[in-house]
Structure formats: structure tokens, C-alpha cells
Amino acid sequence: MKPLDRVIETARKSPRHIVLSEGEDPRIVAGAVRARRECLAEITLVGNREVVMHRLAALDANPREFRVEDPSSSSLTDGFAASFLDLRRSKGVDEAAARVAVLTPLNFAAMMVREGLADGTVGGAVATTADTVRAALQVIGRAPGVGLVSSFFLMMLCEPHHARKGAFVFADCGLVVDPDAGGLADIALMSAKSYEQLAGERAKVAMLSFSTGGSAAHERVSKVVEATRMARCAEPDLVIDGELQFDSAFVEAVSLTKAPQSALRGEANVFVFPNLDAANIGYKIAQRIGGATAIGPILQGLARPANDLSRGCSAADVFHMIAVTVVQAA
């Protein structure tokens, strides 16, 4: 079974209720209709009721199979405004500002998750990553004990030309710009758990750098070395190595030459990049030149699932992100 099919099948076995904050967007509706037809999730679409219903009708979807919430007229809005006020009062939010906030689809959807009316939310096809993440952080919040919320892309290498096939995690490609050693260790630990949750296999983590095993001396290399040490101390059973160049982590023959003592032996499936520059560039090269399917950015470290789409996403991307969010929620 291809790794993407495994994620979809896992979601189908334990469907959850997912709220989509951009229910007026045709791609969102098409992805939602497919998810509903394939029995992955119950779906709430947030947006202008008339527009959402028109989108559903255009796809010959049964509107009774979807919940539609228009923040401007929803029976939930007053209660959400009161809850948002309690949540953000210490930040200077008053009653008027709280009501304005929950009329925003991103915040409305996040409030549904916070209040237990949905299991996860997906947005970002229209909204920026900054706005999508802000709503998730302010409303849903971090999971207990988590100091850093980060993101990753689930990279699927399933084409005939791919030398290694399977699911891989690239982190952090969308959120944390320049983590220190502690932040990088947190990203590694969360990414390993995310990989095992979605791929169903043991994580093997490579901490990436322009150096392998001390081949270069630089403060940026030292950061990766320290992050690797911190992650090992926190999770002694985790298979992790660093600092490594990408080829030393991905290709067995190169690993045996450059890093013969590495426990990874070129079989890493979780790649932690040293900063957002490297990670974002790396995943886009893998996607656009290498032909990898990139799903994300997927957020990790939140109390409940909330995920971000690329504004260039397709309906298929929306469908896949719904599947990922269901698996996270389950």
C-alpha cells in the first residue's frame, strides 16, 4: 500500500468531524465533498450559506450531508464571542473586539474545535500562514508541556523514478524561522512522533547541516550538534543522528563513506533542517524537481489539530489534508 493510501485508509477507519474555515472556496468544497463521499470525515463548512450551498450544488453534493455555519448568523456566535473574551481579556480584548474576532472564519472554526464541536480544522487556501497559525495559537493553544509549535511537510515519494519510496517528514518548512538548539531539538522530537503517527513506522531522524560528522567547524554546525544531543537526552530510544548532510542521511552508500558510525545508515525518514530557509527551499526542490507529493504545512504541538494549506493548493491537497487532520485527531 502506498503511504498516502495508508493515511487515507487510517482516516477512514476512525472518521472525525473536521471544520473547514474557507467554505466558500471551490477547492475547499471539492476536497470536502470527496472526503465525505469516501467516508473520511463529517464536515462543517464555514462561510456565507448561500455561496456554500451554490458550491455544493455545482458538485451535485447532497447539502444535508454537510453542516454549514455562517458566523454572521450562526447560533454559536454569541457563545463563541463570550468564550473568546474570557480567553483574550488579559491581552486587552473587549466585548466588541471579541465579537469581531469570532466573525472571522478562521477564529470561528478554531472556536468550534476549542469548544469540542469539531475534532480539527483546516484553513489557509485563502488566508496566509501567519493568520492561520495565529488563530490556532490564540484559540486552540499549545498542547500541555509543549513550548514550541512547529510545522512539517509530509513528503510522498511514490513515483517510478524515486530511488527510495515511502513517506518522509521535512521539518520545519513553514513556521519557525531560526530555532535555537533547544527549539531544533523540540522540532525533532515532535516530528518523530508525527511521522510514527502518520506513517505507522519507526522514526529515524536526521539532523541536517552542511557538515557531516565534524567535516566543517561553524557555529551553525554546533547548533545542530547540540540539538541532536538534547533530543537524545530527552528520548534515549529515538534513532537520531546529526550533524549530517542530506546525502549522508538518505543514501546508504554515501552514509557508509561519510558517516560509517551513523545508526541511520542512509535510512532516515525524518529530516530536520537547521532553519526555515533551508527547509522551505528543500521541500520545494523535492516537490518541483523531484516530483514528490508535498502535504502541508502540517502543524504540530497544538492542543487539538489545526492545519494550514498552501494558497496554491488543489482540491486533492485539501482532501489529503483532511485525511491527515483526521488521523491526528484520532
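Everything in this summary refers to the structure shown in the same document. (Residues numbered from 1 in each chain as written. Predicted model: local features only at pLDDT ≥ 70, side-chain atom pairs only at ≥ 80, totals over all residues. Heavy atoms only, no water.)

Looking only at helices and strands, the protein has 13 helices and 11 strands in total. Against the globule reference of 20 Å for 330 residues, the protein gives a C-alpha radius of gyration of 21 Å, in line with a compact fold. Across its three principal axes, the protein shows a C-alpha extent of roughly 65 × 50 × 30 Å. Taken over 330 residues, the protein has a buried fraction of 53%. Sequence separation of 24 or more characterises 71% of the internal contacts of the protein that already satisfy a separation of 6 or more. (Helix = DSSP H or I, 4+ residues; strand = E, 2+ residues; numbered from the N terminus. Rg over C-alpha atoms; globule rule 2.2 N^0.38 Å. Buried < 20%, exposed > 50% of the residue type's maximum accessible area, 1.4 Å probe, protein only. Contact = heavy atoms within 4.5 Å.)

Now for unusual backbone geometry. Going from Gly242 to Glu243, the amide bond is cis rather than trans, its omega being 10°. Structurally, Glu243 can be placed in strand β8 (residues 239–244). Following Gly296, the chain continues to Pro297 via a peptide bond in cis, the omega torsion being 0°. Relative to the helices and strands, Pro297 is located in strand β10 (residues 293–300). Backbone geometry places Cys39, a non-glycine residue, at a positive phi of 60°. In this structure Cys39 comes out as partly exposed when scored by relative accessible area, which is 46%. Residue Asp60 is not a glycine yet carries a positive backbone phi of 55°. Checked against the element boundaries, Asp60 lands in the loop between α3 (49–58) and β3 (67–69).

Since one α-helical turn is 3.6 residues long, residues separated by three or four positions face the same way. With 15 residues, helix α13 (residues 315–329) should reach 21 Å at 1.5 Å per residue; the first-to-last C-alpha distance of 21 Å fits that figure. Where burial is concerned, most of α13 is hidden: 11 out of the 15 residues are buried. Residues of α13 that are buried: Val318, Phe319, His320, Met321, Ile322, Ala323, Val324, Thr325, Val326, Val327 and Gln328. (Expected span 1.5 Å × (residues − 1).)

Turning our eyes to something else, we now look at the side chain of Arg88. By the element assignment, Arg88 lies in helix α4 (residues 77–88). Comment: no salt bridge for buried Arg88; closest opposite-charge side chain is Asp94, at 12 Å. Setting aside residues up to four positions removed in sequence, Arg88 forms contacts with Val93 and Gln138. (Lys, Arg positive; Asp, Glu negative; His and termini not counted. Salt bridge = Lys/Arg side-chain N within 4 Å of Asp/Glu carboxyl O.)

Mapped onto the elements, Val113 comes out in helix α6 (residues 105–114). With residues up to four places along the chain from it excluded, the contact list for Val113 reads Val19, Ala118, Asp119, Gly120, Thr121, Ile140, Arg304 and Pro305.

On the surface, Ile281, Ile285 and Ile289 cluster together into a nonpolar patch covering about 330 Å² of accessible area. As for its placement among the helices and strands, Ile285 is situated in helix α12 (residues 276–288). Judged by its relative accessible area of 46%, Ile285 is partly exposed. (Patch = residues over 30% accessible without salt bridge, like charges linked within 9 Å, V, L, I, M, F, W, Y side chains within 5 Å. Areas by Shrake-Rupley, 256 points an atom, 1.4 Å probe, with all protein chains shown as cover.)

So far we have only geometry, and geometry alone does not tell us how the molecule works.
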